[in-house]
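Topology and contacts: notes
Each chain is listed here by its residues.
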Amino acid sequence: MLTKIDHLGIAVHSITEARHFYENVLGLTCKKEEEVPSQKVKTAFFVLGETHIELLEPTSDDSPIARFLSTKGEGLHHVAYRSDNIGDQLAQARDEGCRLIHETPFTGASNKQVAFLHPKSSHGVLTEFCSGEE
Ligand code: ZN
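In short, a report on the structure. (Residues numbered from 1 in each chain as written. Predicted model: local features only at pLDDT ≥ 70, side-chain atom pairs only at ≥ 80, totals over all residues. Heavy atoms only, no water.)

1. Digging into the nonpolar core
In this structure, Ile-10, Val-12, Ile-15, Ala-18, Tyr-22, Leu-28, Cys-30, Ala-44, Phe-46, Ile-53 and Leu-55 together form the largest nonpolar core, which totals eleven residues. Mapped onto this core, the elements with two or more residues apiece are helix H1 (15–25), strand S3 (41–48) and strand S4 (51–58). Tallying contributions element by element places H1 first for this core, with three residues. Those residues in contact with Val-12, other than ones at most four positions away along the chain, are Ala-18, Leu-55, Leu-56, Glu-57, Pro-58, Leu-69 and Glu-74. One finds Val-41, Leu-56, Phe-68 and Leu-69 within the second-largest nonpolar core, a separate group that totals nine residues. (Core = buried A, V, L, I, M, F, W, Y, C linked by side-chain atoms within 4.5 Å. Buried < 20%, exposed > 50% of the residue type's maximum accessible area, 1.4 Å probe, protein only. Helix = DSSP H or I, 4+ residues; strand = E, 2+ residues; numbered from the N terminus. Contact = heavy atoms within 4.5 Å.)

2. Looking at the coordination of the zinc ion
The zinc ion binds to the protein through His-7 (NE2), Glu-54 (OE), His-78 (NE2) and Glu-128 (OE); the donor distances cover 2.1 to 2.4 Å. Of note is the zinc ion, whose four donor atoms meet at the metal with angles of 82 to 171° in an arrangement that counts as irregular. (Donors = N, O, S within 2.8 Å, 3.2 Å for Na, K, Ca; no water. Tetrahedral: all angles 85-135°; square planar, octahedral: opposite > 155°, others 65-115°.)

3. A look at helix H2 (residues 64–72)
Working note: α-helix, 3.6 residues per turn, so residues spaced by three or four point in the same direction. Those residues of H2 not exposed but buried are Ile-65, Ala-66, Phe-68 and Leu-69. Angular distribution of buried residues about the axis of H2 spans 160°; they occupy a single face of the element. Exposed residues on H2 whose side chains face more than 90 degrees from its buried face are Ser-70 and Thr-71. In this structure, the buried side of H2 is in contact with strand S1 (2–11), S3, S4 and strand S5 (75–83). Backbone nitrogen of Ile-65 and a side-chain oxygen of the N-cap are separated by 3.1 Å at the start of H2; the cap is Ser-63. Two residues or fewer after H2 comes Gly-73, characterised by a positive phi angle close to 80°. (Arc of directions from axis to C-beta. Polar contact = N/O pair within 3.5 Å; in protein donor to acceptor, adjacent residues only side chain to side chain.)

4. As for the pattern of salt bridges
Per the counting criterion, the structure on display carries nine salt bridges. A salt bridge links Lys-112 to Asp-6; the nearest nitrogen and oxygen atoms lie 2.9 Å apart. Residue Lys-112 is found in the loop between strand S6 (106–107) and strand S7 (113–117), and its partner Asp-6 is found in strand S1; the two are separated by 106 residues along the sequence. Residue classification places Asp-6 among the buried residues on the basis of a relative accessible area of 2%. (Salt bridge = Lys/Arg side-chain N within 4 Å of Asp/Glu carboxyl O.)

5. Some points on the pairing of S3
Here seven bridges tie strand S2 (residues 29–36) to S3, and the two strands are oriented antiparallel to one another. In the strand pairing of S3, Glu-35 is matched with Lys-42. Counting the residues between successive antiparallel strands, the hairpin from S2 to S3 contains four residues, one of them, Lys-40, with a positive phi of roughly 55°. Both S3 and S4 contribute to a ladder of eight bridges, which runs antiparallel. Its bridge partner lying in S4, Val-41 is registered against Pro-58. Hairpin connection, S3 to S4: the antiparallel pair is bridged by two residues, and Gly-49 has positive phi, about 60°. (Pairing = 2+ DSSP bridges.)

Right, here's the structure in full:
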């Protein structure tokens, strides 16, 4: 079962440049910055109530985020839903005919278990399920 929107992922060229907007214009606090080598990204999490804004900056030209930026430019990259059982969540999506990018969850930023659904199966929005550490 989904319990909330965990975070919105936003692709940026530079976290250093983008954080000015999130900190000074929106007044949010950066909870932490973290590099996720498996995804070739640097992330910065900003807190807003129960939800986070996750900025994603590529650390390599072959990062999925680098590819996203080169075709679409900066902007909303994915919506992440928190699930109380990510395995069941993926199985249900598969049973309903969704194309999964990840058949099994992997460890993402903040030690969460994460998996993505293909945007073609979710009406154009890259969809992440996550569970585990908040
Ligand atoms: Zn995410």
